[in-house]
Amino acid sequence: MEGRIGRIKAQLHDASYKLTPQREATVRVLLENEKDHLSAEEVFLRVKDIAPDTGLATVYRTLELLTELRVVDKINFGDGVSRYDLRQEGAKHFHHHLVCLECGSVEEIQEDLLEDVEKIVESKWNFLVKDHRLTFQGVCADCRQKSKKNNS
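What counts as what
Residues numbered from 1 in each chain as written. Predicted model: local features only at pLDDT ≥ 70, side-chain atom pairs only at ≥ 80, totals over all residues. Heavy atoms only, no water. UniProt positions renumbered as here; feature names shortened; annotations may be inferred. Helix = DSSP H or I, 4+ residues; strand = E, 2+ residues; numbered from the N terminus. Axes fitted to C-alpha atoms, helices over the stretch in contact; angles between N-to-C directions. Left-handed = near helix turned anticlockwise from the far one by under 90°. Contact = heavy atoms within 4.5 Å. Nonpolar A, V, L, I, M, F, W, Y, C, P; charged D, E, K, R; others polar. Domains from an automatic or database assignment. Polar contact = N/O pair within 3.5 Å; in protein donor to acceptor, adjacent residues only side chain to side chain. Buried < 20%, exposed > 50% of the residue type's maximum accessible area, 1.4 Å probe, protein only. Salt bridge = Lys/Arg side-chain N within 4 Å of Asp/Glu carboxyl O. Patch = residues over 30% accessible without salt bridge, like charges linked within 9 Å, V, L, I, M, F, W, Y side chains within 5 Å. Areas by Shrake-Rupley, 256 points an atom, 1.4 Å probe, with all protein chains shown as cover.

Under an unreviewed UniProt entry, the protein has the name Transcriptional repressor and belongs to Listeria welshimeri. For the record of the protein, the UniProt heading Sequence similarities (unreviewed entry) holds the text "Belongs to the Fur family."

If you want it as structure tokens, here you go:
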């Protein structure tokens, strides 16, 4: 974790920002909860445990800054809540998600499934793709299994 924090600190420095204690607390919360896709409010509640003097506005500003620097991605799974997801270091694109419409679980797909689609878009429409996002919405294996048991 310390190595990743150091690299994020360098990204901030390169963009003329400092890794303040409040920003570091926010980054630590994101790293510790990497698979949870936390909302700003959830990040704030966890940051308060580490740095009690940090305000909600500071967390929002930090998340927006980290989004601008492409350290995190701001995502919405259709529930009206913006969530924050750390980008994989060195990843060319944002990773994909499987969202269960029944239980709300979110699973990540690290594999880039859209390379061929990007080539078609770039060739056919002369459009340079810089990034993409793909979210599949459906029913997870656990919910499908529960449904089978309830219908038997």
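Quick look at unusual backbone geometry now. Backbone geometry places H37, a non-glycine residue, at a positive phi of 50°. Residue position: H37 is located in the loop between α2 (21-32) and β1 (38-39). Even without being glycine, R70 reaches a positive phi, approximately 65°. Topologically, R70 is positioned in the loop between α4 (56-68) and β2 (72-76).

On to the packing of α2 against helix α3 (residues 40-50). α3 packs onto α2 with a crossing angle of 115° between their chain directions and a minimal axis gap of 9 Å. Crossing geometry of α2 relative to α3 is assigned as right-handed. Contact residues: α2 offers A25, T26, V29 and L30, while α3 offers V43, R46, V47 and I50. In terms of residue class, the contact of α2 with α3 is made up of six nonpolar, one polar and one charged.

When cut into domains, the protein gives domain 1 (1-90) and domain 2 (94-151). Between the C-alpha centres of domain 1 and domain 2 there is a distance of 24 Å. Between domain 1 and domain 2, the residue contacts involve twelve residues of the former and twelve residues of the latter. Our enumeration of links across domain 1 and domain 2 arrives at four residue pairs in polar contact (both at pLDDT 80 or more). Elements with a contribution of two residues or more to the side of domain 1 that touches domain 2: β2 and β3 (82-86).

Residues given the UniProt feature "binding site: Fe cation" (unreviewed entry) here are E115 and H132. Spatial clustering of the annotated residues is evident: they stretch over 18 residues in sequence, but the largest pairwise C-alpha distance comes to 10.1 Å. Inspection of the secondary structure assignment puts E115 in helix α5 (residues 115-125). Exposure remark for E115: the relative accessible area of 46% places this residue in the partly exposed category.

Moving on, we get to the pattern of salt bridges. For the structure shown, the criterion picks out seven salt bridges. A salt bridge links R83 to D79; its shortest N-O distance comes to 2.8 Å. Overall, D79 belongs to the partly exposed group, its relative accessible area being 43%. Connected through shared salt-bridge partners, E2, E24 and R28 make up one network.

Before going further, it helps to examine the environment of E42. Mapped onto the elements, E42 comes out in helix α3. A C-alpha to C-alpha distance of 20 Å links E42 and I5, two positions 37 residues apart in sequence.

Nonpolar side chains collect at one region of the surface, where L98, L113 and F136 lie side by side and expose about 230 Å² of accessible area between them. Considering the arrangement of structural elements, one finds F136 in strand β6 (residues 135-138). Overall, the relative accessible area of 38% leaves F136 in the partly exposed class.

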